[in-house]
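Residue strings, one per chain:
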Amino acid sequence: MKVTLQTNNYKNNVRDNNRQTFGAKLPEKSKFLDPYYKFVDKSTNTIAKYYTAKLYESPLSAFLAKHTEKLKSVVDHMQVAGSIVISGMYMSQTLRNNQLDPQKRKTLAINQGLTFIVSTILSYIIDQRLDNNWEKLTRRYAAVNLETDVDTLNKKIELWNIENKKKFDAKVLIGDIGKDEKFRAGQIADYVEKTMKNTSLAKELKGMGVLKKLLVFGTIYRFISPVAVTPIANWIGNKFIYKPENHQPSANKDAESTPKAK
Amino acid sequence: MKVDSIKDYHILYKQYDSSTKEARNKSVNIVTGCESADKSVNTGYYRGSSISFGAAPKLSKGMKLLKKINTLCQDHKVIAQNLVALVLAVGFRPIAIISLPGKKNKDDKIYASGHSIASGLIGFIFSSIVMYPLGIAAKKYMKEVESIKDTLQEMVENKNIKTFSKKELLKGKEFIGENFLNIFGEFDKNGKLIKINRKTLERTTSILEMAPDTFVFGVAKAMLTVALIPPILKYVFGVEKHKEKVPVTDDKTKLEKKSTEEQKNITNYFSKVPSMKNFLGGVK
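Below is a summary of the structure that appears in this document. (Residues numbered from 1 in each chain as written. Chains lettered and ligands numbered in written order. Predicted model: local features only at pLDDT ≥ 70, side-chain atom pairs only at ≥ 80, totals over all residues. Heavy atoms only, no water.)

**Some thoughts on the overall build of chain A**
Counting secondary structure elements, chain A contains ten helices and one strand. Helices and strands in chain A line up, N terminus first, as β-α-α-α-α-α-α-α-α-α-α. Burial statistics for chain A: of 262 residues in total, 34% are counted as buried. Taking all contacts inside chain A whose residues are at least 6 apart in sequence as the whole, residues at least 24 apart take part in 71%. Only carbon and sulfur atoms are counted for the fraction: they give 58% of the accessible area of chain A, which is about 18300 Å². (Helix = DSSP H or I, 4+ residues; strand = E, 2+ residues; numbered from the N terminus. Buried < 20%, exposed > 50% of the residue type's maximum accessible area, 1.4 Å probe, protein only. Contact = heavy atoms within 4.5 Å. Areas by Shrake-Rupley, 256 points an atom, 1.4 Å probe, with all protein chains shown as cover.)

**A word on the overall build of chain B**
Within chain B one finds nine helices and five strands. In sequence order, the secondary structure elements of chain B are arranged as β-α-β-β-α-α-α-α-α-β-β-α-α-α. For chain B, with 284 residues in total, the buried portion stands at 31%. At a minimum sequence separation of 6, the contacts of chain B that also span at least 24 residues come to 50%.

**What about the environment of B:Ile176?**
Structurally, B:Ile176 is set in the loop between α5 (166-169) and α6 (178-184). Among residues more than four places away in sequence, those in contact with B:Ile176 are A:Glu57, B:Tyr141, B:Glu144, B:Val145, B:Ile148 and B:Leu170.

**Some points on the interface of chain A and chain B**
Listed as interface residues are 69 residues of chain A and, on the opposing side, 70 residues of chain B. Contact between chain A and chain B buries roughly 6400 Å² in total, counting both sides, with carbon and sulfur atoms accounting for 66%. Together, A:Tyr56, A:Glu57 and A:Met78 form the three largest contributors to the area buried by chain A at its contact with chain B, with a combined 12%. In this assembly, chain A and chain B are joined by four salt bridges. The salt bridge partner of A:Glu193 is B:Arg198, with a shortest N-O separation of 3.0 Å. Among the elements that make up the side of chain A that touches chain B, the one with the highest residue count is helix α9 (residues 199-241) of chain A (18 residues). In terms of residue class, the side of chain A that touches chain B is made up of 35 nonpolar, 18 polar and 16 charged. (Buried area = accessible area lost by both parts, 1.4 Å probe. Salt bridge = Lys/Arg side-chain N within 4 Å of Asp/Glu carboxyl O. Nonpolar A, V, L, I, M, F, W, Y, C, P; charged D, E, K, R; others polar.)

**As for helix α4 (residues 75-95) of chain A**
The end-to-end C-alpha distance of α4(A) is 30 Å, a good match for the 30 Å that 21 residues give at a rise of 1.5 Å each. For α4(A), the set of buried residues is A:Val75, A:Asp76, A:Met78, A:Gln79, A:Val80, A:Ala81, A:Gly82, A:Ser83, A:Ile86, A:Ser87, A:Tyr90 and A:Thr94. (Expected span 1.5 Å × (residues − 1).)

**Section: a nonpolar patch on the surface**
Judged by side-chain polarity, A:Phe32, A:Leu33, A:Tyr36, A:Tyr37 and A:Phe39 come together as a nonpolar surface patch covering roughly 640 Å² of accessible area. The exposure class assigned to A:Phe32 is exposed, which follows from its relative accessible area of 71%. (Patch = residues over 30% accessible without salt bridge, like charges linked within 9 Å, V, L, I, M, F, W, Y side chains within 5 Å.)

**Description of empty space enclosed by the protein**
Here the structure, examined in full by the defined rule, presents two cavities of 30 Å³ or more. Quantified by volume, the largest cavity comes out at close to 80 Å³. A:Tyr51, A:Thr52, A:Leu55, A:Tyr56, B:Met131, B:Leu134, B:Gly135, B:Ala138, B:Leu208, B:Glu209 and B:Pro212 together form the lining of the largest cavity. Going through the elements one at a time, α2 (34-56) of chain A together with α4 (106-157) and α7 (198-235) of chain B are the ones with two or more residues in the lining of the largest cavity. Residues of the lining of the largest cavity, tallied by class, amount to eight nonpolar, two polar and one charged. Taken as a whole, the second largest cavity holds about 30 Å³ of empty space. Looking at the second largest cavity, the residues that line it are B:Asp75, B:His76, B:Val78, B:Met131, B:Gly135 and B:Glu209. Taken together, the residues of the lining of the second largest cavity break down into two nonpolar, two polar and two charged. (1 Å grid on protein atoms, 1.4 Å probe; cavity = no way out; pocket = protein on both sides within 12 Å on 5 of 7 lines; lining within 4 Å. Points joined across faces, edges and corners; volume = space filled by probe spheres on them.)

**Here's the deal with a negative patch on the surface**
All names here are of chain B. On the surface, Glu 146, Asp 150, Glu 154 and Glu 157 cluster together into a negatively charged patch. Note on placement: Glu 157 falls in helix α4. Among the residues examined, Glu 157 registers a relative accessible area of 57% and is labelled exposed. (Lys, Arg positive; Asp, Glu negative; His and termini not counted. Charge placed at Lys NZ, Arg CZ, Asp CG, Glu CD.)

**Brief notes about the pairing of strand β5 (residues 193-196) of chain B**
Residues and elements named next belong to chain B. In this structure, strand β4 (residues 185-187) lies alongside β5, joined through three bridges in antiparallel fashion. Counterpart to Gly 185 in the pairing with β5 is Ile 196. In this structure, the hairpin formed by β4 and β5 is closed by a connection of five residues, where Gly 191 is found at a positive phi of approximately 95 degrees. (Pairing = 2+ DSSP bridges.)

**A word on the packing of α2(A) against α4(B)**
Here α2(A) crosses α4(B) at 75 degrees, and the two axes come no closer than 8 Å. Considering the angle they form, α2(A) stands roughly perpendicular to α4(B). Listed contacts from α4(B) to A:Asp41, A:Thr44, A:Asn45, A:Ile47, A:Ala48, A:Tyr51, A:Thr52, A:Ala53 and A:Tyr56 of α2(A) are B:Pro133, B:Leu134, B:Ile136, B:Ala137, B:Ala138, B:Lys140 and B:Tyr141. Its residues assigned to classes, the contact of α2(A) with α4(B) shows eleven nonpolar, three polar and two charged. (Axes fitted to C-alpha atoms, helices over the stretch in contact; angles between N-to-C directions. Parallel < 35°, antiparallel > 145°, perpendicular 65-115°, else oblique.)

**A closer look at the pattern of salt bridges**
Under the criterion given, the structure shown has 13 salt bridges over all chains. With its nearest N and O atoms 3.7 Å apart, the salt bridge here joins B:Asp75 to B:Lys139. Linking B:Asp75 in helix α2 (residues 61-75) with B:Lys139 in helix α4, this pair joins segments that are 64 residues apart in sequence. Put simply, B:Lys221 and B:Asp213 hold a salt bridge, and the shortest N to O gap is 3.1 Å. Shared partners join several salt bridges into a network, and the residues in it are A:Asp76, A:Asp127, A:Asp131, A:Lys212 and A:Lys213.

**What about the packing of α4(A) against helix α5 (residues 102-129) of chain A?**
All names here are of chain A. One way to put it is that α4 packs onto α5 with a least axis distance of 8 Å and a crossing angle of 170 degrees. When the axes of α4 and α5 are compared, the pair comes out roughly antiparallel. When α4 is examined against α5, the residues Asp 76, His 77, Val 80, Ser 83, Ile 84, Ser 87, Tyr 90, Met 91, Thr 94 and Leu 95 are found in contact with a partner set consisting of Arg 105, Lys 106, Ala 109, Gln 112, Gly 113, Phe 116, Thr 120, Tyr 124 and Asp 127. Considering only residue class, the contact of α4 with α5 consists of eight nonpolar, seven polar and four charged.

**Some thoughts on the nonpolar core**
Residues A:Ile188, A:Leu205, B:Tyr141, B:Phe180 and B:Ile196 are the most contacted members of the largest nonpolar core, which totals 56 residues. Examining the composition of this core, we find that eight residues originate from one element, α4(B), more than from any other. Ignoring sequence-local partners within four residues, the contact set of B:Tyr141 consists of A:Ala48, A:Thr52, A:Ala53, A:Tyr56, A:Glu57, B:Phe175, B:Ile176 and B:Phe180. (Core = buried A, V, L, I, M, F, W, Y, C linked by side-chain atoms within 4.5 Å.)

Shown next, in the form of structure tokens:
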């Protein structure tokens with residue numbers, strides 16, 4: 001134990017008493033862009049009132065709500081629909097093109113249709129195969145954001161699914177749920193949304209699922225199939241369609257034969 | 001008289017063990033000498049405190065970018081779709097097309113890569129300008145939906161409040177109408193509103209959000225891409241697309257050849273006929 005005499009106490013504490021306080025004002029947000037933000041706010045309010053409200057409460061949305069119960073996800077099907085529209089447009093354009101032979105027009109249209117079909121099938125298969133790996137990635141992402149381990153998360157989700165299954169079976173016995181319905185085990189996104197009220201993380205995890213579909217379908221539709229199909233189409237065209245008797249030299253032919261530059 | 005604080009005492013407490021990660025995370029309270037629970041969160045400035053401050057975890061740059069992309073994917077799906085298309089069409093595809101083997105088709109390759117760059121740019125710019133305000137409006141709409149969900153949950157949990165009408169729920173809401181509850185609401189056996197069906201709501205809203213871009217804007221985008229290809233070819237690749245030269249067909253030469261041959265045959269024939277000798281000119 002140390003004991004010191006309190007002499008010269010005032011000098012030692014002068015610094016504490018005369019400490020300068022920080023009295024300056026903190027800078028506020030600038031008001032320069034206020035009229036712009038007000039305009040954006042008002043315009044989005046009008047859009048929400050007269051467009052989104054009418055759209056979400058229209059008979060079209062009622063129809064969609066009834067008939068899309070069995071769909072798990074929607075982003076992939078919408079992308080397929082978009083590519084149907086685009087490839088249909090390209091096919092009709094090639095069939096109406098008067099600068100080409102009628103035989104060549106047919107082959108090009110068939111070529112574009114076949115690429116669409118093959119790429120859709122490929123993308124669905126790859127999307128299904130990548131489910132498990134992407135789920136692991138999302139769990140790692142969630143673990144980093146929640147500051148836990150992946151193993152603890154896995155255990156919690158398993159326990160949560162067991163509880164849900166018990167409730168589901170109880171409801172089936174009572175009769176609230178039909179016997180044909182199957183129990184779907186919840187994944188990390190469902191777990192976070194239902195147990196935690198941290199809404200930003202739930203949104204991000206749903207976004208991860210959307211990102212996966214966008215990446216898979218996007219790369220196959222816009223990168224792999226056009227790049228892989230052009231040399232094959234050229235080879236087929238040169239070998240089978242143009243016999244050496246009827247061969248005519250023409251420049252810039254393959255510019256019309258490149259399918260689907262979307 | 002000043003007595004120094006008890007903090008300056010050298011208490012015999014457990015030495016700081018830095019061998020394992022678990023031991024490192026177990027902090028010791030200096031005042032009391034007691035071990036605290038595993039506080040891997042509060043390493044650093046607040047080490048040793050028993051309060052967790054709920055601060056945001058330190059994320060690397062990649063994770064922050066991924067966070068932004070995920071929020072974009074969920075809020076503005078169309079813009080995310082076109083962003084993916086932009087990266088592929090402007091970055092990877094031209095390189096892949098030009099690196100394909102074949103020297104004869106150089107012009108075609110350049111045209112195709114110009115087409116892909118134009119389509120990527122136009123798609124992204126067009127859809128981001130048009131769909132961004134629609135996305136913000138949808139966000140505002142969904143905020144009101146979530147407030148309704150919370151009130152419904154409270155009403156169902158507090159079993160004292162048994163009866164509530166739709167009009168009470170929709171009090172003070174600017175955007176939502178009764179039809180919304182009829183479409184997306186789940187009802188009891190007696191016809192009472194229990195909750196809003198989250199999954200159908202998500203599905204239909206995402207379909208309706210993506211529908212304009214897939215079905216309506218495709219034609220406009222295609223026309224704009226075709227218009228944008230020549231400037232890109234000029235300024236990016238330094239190539240101007242010349243008009244196709246009309247190739248000289250073999251038929252013309254054949255005709256010319258045939259005509260001369262035929263003429264020779266005719267003159268030979270008529271020269272042998274005696275009566276025509278007087279008719280034909282030339283040196284006899």
